[in-house]
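These are the residues of each chain, in order.
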Amino acid sequence: MTYEQVISYIEDRNKLGSVPGLDNINHLLKRLGNPEKKLPAIHIAGTNGKGSIMSFVEQGLMEAGYMAGRYISPAIFNYRERWQIGHEFISQEDTAKILSKVIAEVEEMERLGEGQPTSFEIETAAAFVYFLEKGCDLMLIECGMGGRLDATNVLGQDTVNVLASISRDHMQFLGNTIEEITKEKLGIIKDNGYLFTYPNVGVAKEVTEEFCHEHHVKLIPADSEALLVKETDFTGSLFAYKGKDYRIQMGGDFQILNAITAIEVMEGLKEASASWKTEISIPEDIIQSALSHTHWPGRFMVLNKEPLLIVDGAHNEDAWIHLQKSLTQYFPEMRFHFVLGVLKDKEVSRMLDLLLPLAKSIFTIASDNPRALAAENLANEIRSREENLKEDSATFQYTVPSVSSRDSVGAAVESAIADADRDHLPVICCGSLSFIGDVIRDFERISY
């Protein structure tokens with residue numbers, strides 16, 4: 001199959017949607033010779049921060065001389081972004097070759113009535129095949145949206161696990177409470193293994209500690225009490241962790257917590273990998289260097305400084321809370337021009353609760369994701385809330401923002417930039433990862 005043919009096949013297969021469960025992926029991988037068992041891996045689950053934590057760790061591995069294959073989901077720039085080695089996307093030639101190999105087994109499975117793998121299961125199997133064929137030292141694997149029943153939960157015993165921040169998202173699949181969601185995420189952990197965690201608190205922390213005790217898992221949590229933030233702004237932070245200084249170039253208060261989680265992973269890999277064929281060791285000076293060199297596109301990313309344009313893939317309640325906190329911390333008493341797009345199955349009302357009081361103007365858009373909320377519907381939702389807020393001046397202490405929808409991401413960004421040029425207020429693009437890549441591409445094409 002050609003590259004265009006495999007892309008068309010996957011697009012058609014997307015109609016199957018998400019089907020939690022491991023039967024299809026296990027059967028498919030067995031037909032492929034179980035490549036997932038032949039390389040060690042770092043496997044991460046969580047609601048927010050998976051990509052950032054893995055980016056820090058990936059940079060550390062690269063600077064220490066290891067060849068790591070990374071599998072991410074979703075991609076924001078290019079379909080081939082899902083599979084990376086050394087920050088390089090898989091080539092079109094290799095995409096066609098690897099996916100054709102996997103699709104041939106899928107078609108044989110279907111012919112024999114042995115299952116119907118989804119596009120995510122096919123892409124996950126392709127990751128294992130690709131990284132094995134390229135001779136990677138280890139794999140960095142991100143769960144799609146879950147844990148226990150996620151298609152990535154098929155790795156061998158030579159696996160280190162990481163748990164990122166836990167909050168409410170994908171409740172229709174994972175449960176409505178933090179306890180239920182945490183238990184689902186912990187489903188990737190194997191008995192007697194290692195688990196590195198983000199500094200979760202409350203129920204998430206309690207459930208994790210109980211699970212690790214019951215399953216004899218060595219728990220290594222990042223310790224926010226050992227953190228001292230020395231300098232921070234929207235371009236990055238300088239902080240001390242357990243007495244050592246680190247600098248990161250990614251803005252957002254949450255990135256500091258992601259960074260200390262990654263520090264624990266990189267420092268703990270030598271012990272955790274002692275029984276692997278290849279022991280992994282990242283020296284302290286390389287950890288410090290890697291953190292300072294790490295970039296993760298679309299996460300509180302500064303696209304332009306005059307006027308200031310920031311894009312952030314915040315797409316659920318916890319991410320919106322962190323975004324609001326970062327904006328009020330870095331720009332006290334300032335208001336913003338927002339470009340907002342959101343998916344229909346997200347808690348739109350909660351996003352508006354958090355961001356509306358900060359808005360000077362709002363331009364709504366819809367991404368090309370089939371789950372996207374229509375731009376005018378989002379605009380109408382904002383207008384209806386404003387009418388209620390205006391009736392209670394004690395509740396709504398800000399001037400009501402102007403709200404309008406736009407037909408394209410480019411048009412919305414252009415309108416927001418025009419407003420920012422007049423009043424010198426920042427532009428913030430957020431609400432969903434599904435259009436952040438478009439913002440970055442369109443911004444680079446627009447002349448202001």
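Here, the structure is the one placed above.
Residue indices follow the written sequence of each chain, beginning from 1 at its first position. In view of the model being predicted, local features appear only for residues whose pLDDT reaches at least 70, and side-chain atom pairs are presented and counted only at 80 or more, with totals across whole chains, interfaces and linings using the full set of residues. Neither water nor hydrogens contribute to the side-chain values; these are computed over all heavy atoms in the structure.

Engineer: What is the right way to read helix H7 (residues 178-185) from this model?
Structural biologist: Because an α-helix packs 3.6 residues into every turn, residues spaced three or four apart end up facing the same way. Per-residue accessibility, obtained with a 1.4 Å probe over protein chains only, is compared with the maximum for each type, and a residue is labelled buried under 20%, exposed over 50%, and partly exposed between these values. Runs of H or I in DSSP of at least four residues are treated as helices and runs of E of at least two as strands, each being numbered from the N terminus. Regarding H7, the residues found buried are Ile181, Thr182, Glu184 and Lys185. End-on view of H7: buried residues confined to an arc of 160°, all on one side of the axis. By definition, the arc is the one covered by directions from the helix axis to the C-beta atoms.

Engineer: Looking at this structure, I do not really get the sheet that holds strand S12 (residues 301-305). What am I missing?
Structural biologist: Within a sheet, adjacent strands bond to each other through the backbone by hydrogen bonds, running parallel or antiparallel. At least two bridges found by DSSP between two strands is the condition for calling them paired. Pairing in this open sheet of 6 strands is mixed, and the strands run S12-S13-S17-S14-S15-S16 from one edge to the other. Each edge of the sheet is formed by a strand with only one pairing partner; in this case those strands are S12 and strand S16 (402-405). If you compare each strand with its neighbour and ignore which way they point, the axes differ by 15° on average. For strand S13 (residues 308-311) and strand S17 (residues 427-430), the ladder comprises 3 bridges, and the chain directions are parallel. Looking across to S17, one finds that Val311 is bridged to Cys429. In what follows, residue pairs with any heavy atoms lying within 4.5 Å of each other are defined as contacts. The axes are straight lines fitted to the C-alpha atoms, using for helices just the contacting stretch, and the angles between their N-to-C directions are given from 0 to 180°. The strands touched by helix H14 (residues 409-423) within the sheet are S13, strand S14 (336-340), strand S15 (359-364) and S17, with S14 carrying the most contacts at an inclination of about 180°.

Engineer: Sorry if this is basic, but what is going on with the nonpolar core here?
Structural biologist: Burial of nonpolar side chains together is a common tendency in soluble globular proteins. Joining through side-chain atoms within 4.5 Å is the link that ties buried Ala, Val, Leu, Ile, Met, Phe, Trp, Tyr and Cys residues into a set, and such a set is a nonpolar core. Membership of the largest hydrophobic core comes to 43 residues, with the highest contact counts inside it found for Ile42, Leu61, Phe239 and Leu291. A total of 10 residues in this core trace back to one element, the largest contributor, which is helix H9 (residues 253-272). Look past the residues within four positions of Leu291 in its chain and what remains in contact with it is Phe56, Phe239, Tyr246, Arg247, Ile248, Gln249, Ala259, Ile263 and Met266. Residues Leu22, Ala96, Phe128 and Phe131 belong to the second largest nonpolar core, which totals 37 residues.

Engineer: Would you mind going over the pairing of strand S8 (residues 218-221) with me for this structure?
Structural biologist: Pairing between strand S7 (residues 194-197) and S8: 4 bridges, direction parallel. Paired with Leu195 across the strands is Leu219, a residue of S8. We call a crossover right-handed when, viewed with both strands directed away from the observer, the connection leading from the first strand over the helix to the second proceeds clockwise. As a crossover connection, the stretch from S7 through helix H8 (residues 202-214) into S8 is right-handed.

Engineer: Explain the sheet that holds strand S10 (residues 236-241) to me, please; I cannot follow it from the model alone.
Structural biologist: Ordered in space as S9-S10-S11, the 3 strands form an open sheet in which the pairing is antiparallel. Edge strands, defined here as strands with exactly one partner in the open sheet, are strand S9 (227-233) and strand S11 (244-248). Looking at each pair of strands side by side, their axes are set apart by 15° on average, direction ignored. Contacting S9, S10 and S11, H9 crosses the sheet at an angle of about 50° to S10. The strands touched by helix H10 (residues 284-293) are S10 and S11; relative to S11, the strand with the most contacts, the crossing angle is about 30°.

Engineer: Whenever I open this one, the packing of helix H2 (residues 23-31) against helix H4 (residues 92-111) confuses me. Can you help?
Structural biologist: Helix packing for two helices is described by the angle between their axes and how far apart those axes are. Orientation of H2 relative to H4, taken along the N-to-C sense of each, is 115°, at an axis distance of 10 Å. In terms of crossing hand, the pair formed by H2 and H4 is right-handed. Every residue of H4 that contacts H2 at Asn24, His27, Leu28 and Arg31 is listed here: Val102, Glu105, Val106, Glu108 and Met109. Of the residues assigned to the contact of H2 with H4, the class counts are 4 nonpolar, 2 polar and 3 charged. Take the far helix as your reference; a near helix turned counterclockwise from it by less than a right angle gives a left-handed crossing, and one turned clockwise gives a right-handed crossing. Under this grouping Gly is polar, as are all residues other than the nonpolar Ala, Val, Leu, Ile, Met, Phe, Trp, Tyr, Cys and Pro and the charged Asp, Glu, Lys and Arg.

Engineer: Teacher, can you tell me more about the packing of aromatic side chains here?
Structural biologist: To describe a pair of aromatic rings, one takes the distance between the centres and the angle between the planes. Two rings from Phe, Tyr or Trp (for Trp, the six-membered ring) form a pair when their centres are within 6.5 Å of each other. A pair whose planes differ by under 30 degrees is stacked, one over 60 is edge-to-face, and the rest are tilted. Evaluated as defined, the whole model comprises 9 aromatic pairs. Aromatic side chains Phe331 and Phe336 sit 5.8 Å apart centroid to centroid with 75° between the ring planes, which places their arrangement in the edge-to-face category. Taken individually, Phe331 and Phe336 each receive the classification buried, so the pair is uniform in this respect. Taken together, Phe234, Phe300, Tyr330, Phe331, Phe336 and Phe338 form an aromatic cluster joined through their ring pairs. Across the ring face of Trp296, the terminal group of Arg70 is positioned such that the distance to the ring centre comes to 4.4 Å. Both a distance and an angle decide whether a charge sits over a ring: NZ of Lys or CZ of Arg must be within 6 Å of the ring centre and within 35 degrees of the ring normal.

Engineer: Where do I start with the environment of Pro221 in this structure?
Structural biologist: Take Pro221: it is sitting in strand S8. Spatially, the C-alpha atoms of Pro221 and Met54 are 16 Å apart, while their sequence positions differ by 167 residues. With near-sequence residues (within four places) excluded, Pro221 lies in contact with Thr197 and Glu264.

Engineer: Teacher, can you tell me more about the pattern of salt bridges here?
Structural biologist: In a structure, side chains of opposite charge can pair up when their charged atoms sit close to one another. Each salt bridge in this description consists of a side-chain nitrogen of Lys or Arg and a carboxyl oxygen of Asp or Glu lying within 4 Å of one another. The final tally for this structure, using the stated rule, is 25 salt bridges. The salt bridge partner of Glu179 is Lys183, with a shortest N-O separation of 3.2 Å. One end of the pair, Glu179, and the other, Lys183, are both in helix H7, 4 residues apart, so they sit about a helical turn from each other. Relative accessible area serves as the criterion here: at 38%, Glu179 is assigned to the partly exposed category.

Engineer: Got a minute to help me understand the environment of Arg82 in this structure?
Structural biologist: Tracing the chain through its elements places Arg82 in the loop between strand S2 (68-71) and strand S3 (83-85). Among the residues examined, Arg82 registers a relative accessible area of 17% and is labelled buried. Excluding anything up to four places from it in sequence, Arg82 contacts Arg70, Tyr71, Ile72, Ala75 and Glu123. Under the rule applied, a polar contact is a pair of N or O atoms within 3.5 Å (in protein, one hydrogen donor and one hydrogen acceptor; residues adjacent in sequence only if both atoms are side-chain atoms). Polar side-chain contacts of Arg82 include one of 3.1 Å to the backbone oxygen of Tyr79.

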